[in-house]
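# Remarks on the overall topology
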Amino acid sequence: MRLKGSEIILECLIHEGVTVMFGYPGGAILPTYDAMSKYMDRLHHVLVRHEQGASHMADGYARATGNVGVCIATSGPGATNLITGLATAMMDSSPVVAITGQVAVPTIGTDAFQETDVTGATLPVTKHNYLVTDVEELAYTIKEAFYIARTGRPGPVLIDVPKDVQNAETEFDYDALEPVHLPGYRLLSGASEDQIDQMLDLIHEAERPVILAGHGITMSGANAELQDLAELAQIPVAQTLLGKGSMPQSHPLVVGWMGMHGDAASNNAIQEADLLIALGMRFDDRVTGNLKSYSPHSRKIHIDIDPSELNKNVVVDVPVAGDLKTVLRQVLPRLERRTHAEWLNRIRDWQEDSSERDILNHDTQGKLMAAQVINDLWRYTDGNAITVSDVGQHQMLEAQYYPHQRPSTMLTSGGLGTMGFGFPASIGAKFGKPDEEVWAIVGDGGFQMTLCELATARQENINVNIAIINNSFLGMVRQWQELFYERRYQSTPMFSPDFCKLAEAYGIPSMRVTSRDQIQESVDFARSVDGPVLIEYVVEKEDIVYPMVPSGADLHDMKRRPKPGELA
Ligand SMILES: Cc1ncc(C[n+]2csc(CCOP(=O)(O)OP(=O)(O)O)c2C)c(N)n1
């Protein structure tokens with residue numbers, strides 16, 4: 001059938017399984033917007049209020065579902081507004097396809113109105129990108145883009161389509177498209193027999209092993225294999241921020257989270273381990289602290305789908321480039337049972353020490369603490385919501401106080417640490433998982449970066465619950481100023497609008513919570529609203545997230561909350 005480029009774009013999206021896309025129109029993408037009216041029964045377009053929101057929504061959709069999220073924007077400023085979201089998706093290996101309009105091919109390079117070198121600008125923040133200058137290549141390019149976004153180590157892919165290419169006509173037959181063939185793009189599967197032998201030897205010999213479970217577990221669908229490995233050989237599991245939920249948090253072998261604000265028990269275990277089994281993680285500096293003193297007594301196995309991650313930050317004994325699920329399935333049949341009772345007891349002692357220091361076990365003299373809010377949200381949502389946190393203290397507290405039992409239910413910007421991600425990503429997540437309860441957990445600072453999407457939430461009547469943890473500060477930066485800059489609070493005290501009045505202006509129901517006994521009511525209220533709802537939790541202004549490994553310090557050198565009765 002003969003179709004225009006604009007129609008081919010939308011046909012291809014449908015063939016790729018896309019049902020919703022997040023975008024904002026403009027001159028160079030107008031032909032594609034014009035064509036949308038024909039496809040509205042199969043493709044829902046969500047009109048955002050800022051293109052950054054579109055890229056975060058596509059990312060939130062992708063993280064919640066594992067499917068590719070799609071965002072769409074016009075040339076120039078529309079495309080450049082996507083960049084923060086693409087970089088966020090890139091750092092966390094999230095499959096996103098972005099489609100941007102470009103000025104017509106003959107005007108490229110003339111500084112035409114709203115022309116930007118979008119492929120140049122997004123090169124470092126995409127897994128791959130394309131400028132399509134011939135309508136004959138459009139359909140295959142889109143097919144290839146989806147393939148690249150979702151295979152191997154997933155990531156964002158951008159397709160820049162000049163306006164005249166959208167208007168040009170050609171024959172379209174999706175089923176007749178060539179299969180994707182990419183010389184040099186090798187999809188990895190299993191490990192060699194030799195590597196399996198080496199891994200098994202190290203695991204069987206180890207007395208103090210620790211599994212480091214990363215985001216790759218869930219992306220590879222290796223959750224059951226992880227649990228089998230841990231249970232069979234009785235190996236404690238420490239998780240990265242994005243690895244949370246890879247195994248149920250309540251599982252007795254899950255020690256907790258690792259790194260800068262991770263559980264002390266995990267960090268201590270890593271430092272004292274004689275074997276690290278790193279699965280689908282990348283030894284980020286927030287996870288390792290000082291590399292020179294990182295886990296000094298351990299031998300190390302590292303399995304990752306991306307060979308460039310191996311021996312990048314931490315040199316390991318057995319590097320394995322492969323798909324985690326496949327590799328673990330090779331290991332499991334030959335794995336011998338182990339007990340490690342002494343090692344697990346030692347870890348339990350560290351956990352008991354942590355619970356004595358826990359703010360939840362302190363008398364907070366009636367003050368409402370952010371940790372209490374988040375822990376109560378967990379309690380009253382039965383620990384079963386999808387939470388999408390923004391970046392800052394509330395994000396770290398979410399990771400500490402909202403234990404997740406299922407994969408892909410704790411979404412946050414880990415690698416880039418993008419403030420403004422949480423709220424729009426929660427909208428994307430809810431589109432992907434309409435039957436799940438979705439909470440955006442955001443700070444007063446980050447929420448103000450993308451709060452224009454309140455209008456999107458209202459227009460779509462999307463049922464997201466927004467929890468603003470309002471401490472009247474850019475809290476995490478204030479924390480660093482308190483600890484490392486002698487309390488010089490430069491540019492961190494924060495004026496905010498009356499969030500409840502703001503919600504009202506958007507026609508969104510809201511509630512302000514100032515004491516702990518209102519939290520249950522706030523959750524009941526949020527659940528009773530069919531559509532967006534905003535709850536502002538006014539919390540203690542100057543609290544510190546403990547434990548904290550200062551930037552670049554040794555992983556065991558944690559600042560800890562004093563036990564009750566101890567002086568700070
Ligand atoms: C886009 C962006 N700008 C700046 C930062 C640096 N930063 C990290 S946390 C933070 C403070 C966040 O404050 P808020 O959103 O109020 O959350 P809180 O820490 O108080 O929970 C800042 C400014 C960032 N991560 N992202």
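Residues numbered from 1 in each chain as written. Predicted model: local features only at pLDDT ≥ 70, side-chain atom pairs only at ≥ 80, totals over all residues. Heavy atoms only, no water.

### What about the pattern of salt bridges?
One pass over the full model with this rule turns up 35 salt bridges. Note that Asp 197 is salt-bridged to Arg 334, the shortest N-O span being 2.7 Å. Here Asp 197, found in helix H9 (residues 193–205), pairs with Arg 334, found in the loop between helix H14 (324–331) and helix H15 (341–357); they are 137 residues apart in sequence, far enough to count as distant. The partly exposed category is assigned to Arg 334, whose relative accessible area is 41%. Connected through salt bridges with shared partners, the residues Asp 353, Glu 356, Arg 357, Arg 560 and Lys 563 form a single ionic network. (Salt bridge = Lys/Arg side-chain N within 4 Å of Asp/Glu carboxyl O. Helix = DSSP H or I, 4+ residues; strand = E, 2+ residues; numbered from the N terminus. Buried < 20%, exposed > 50% of the residue type's maximum accessible area, 1.4 Å probe, protein only.)

### As for the nonpolar core
Ranked by size, the top nonpolar core spans 46 residues in total, and within it Phe 22, Phe 423, Phe 447, Leu 454 and Leu 534 carry the most contacts. Per-domain counts for this core show at least three residues from each of domain 1 (2–176) and domain 3 (359–538). Apart from residues no more than four positions distant in its own chain, Leu 534 is found in contact with Phe 447, Leu 454, Ile 466, Ile 468, Phe 499, Ala 503, Ile 508, Pro 509, Ser 510 and Met 511. Counting residues in each nonpolar core, the second largest holds 36 residues, with Leu 10, Met 21, Val 132 and Leu 138 among its members. (Core = buried A, V, L, I, M, F, W, Y, C linked by side-chain atoms within 4.5 Å. Domains from an automatic or database assignment. Contact = heavy atoms within 4.5 Å.)

### Digging into the site of the ligand
Taken together, the neighbourhood of the ligand is formed by 17 residues, with Gln 393, His 394, Gly 417, Gly 446 and Gly 475 sitting nearest. Within the side chain of His 394, a nitrogen or oxygen atom sits 2.8 Å from an oxygen atom of the ligand. Between an oxygen atom of the ligand and a side-chain N or O atom of Asp 444, the distance comes to 3.0 Å. Protein burial of the ligand: of its 580 Å² of free accessible surface, 75% is covered by the chains. Taken together, the elements giving at least two residues each to the shell around the ligand come down to helix H17 (393–401), helix H19 (444–450) and helix H21 (475–484). In terms of residue count, the dominant contributor to the shell around the ligand is H19 (4 residues). Across the shell around the ligand, the residue classes tally to 7 nonpolar, 9 polar and 1 charged. (Near = heavy atom within 4 Å. Polar contact = N/O pair within 3.5 Å; in protein donor to acceptor, adjacent residues only side chain to side chain. Areas by Shrake-Rupley, 256 points an atom, 1.4 Å probe, with all protein chains shown as cover. Nonpolar A, V, L, I, M, F, W, Y, C, P; charged D, E, K, R; others polar.)

Geometric descriptors of this kind do not, in isolation, establish any biological role.
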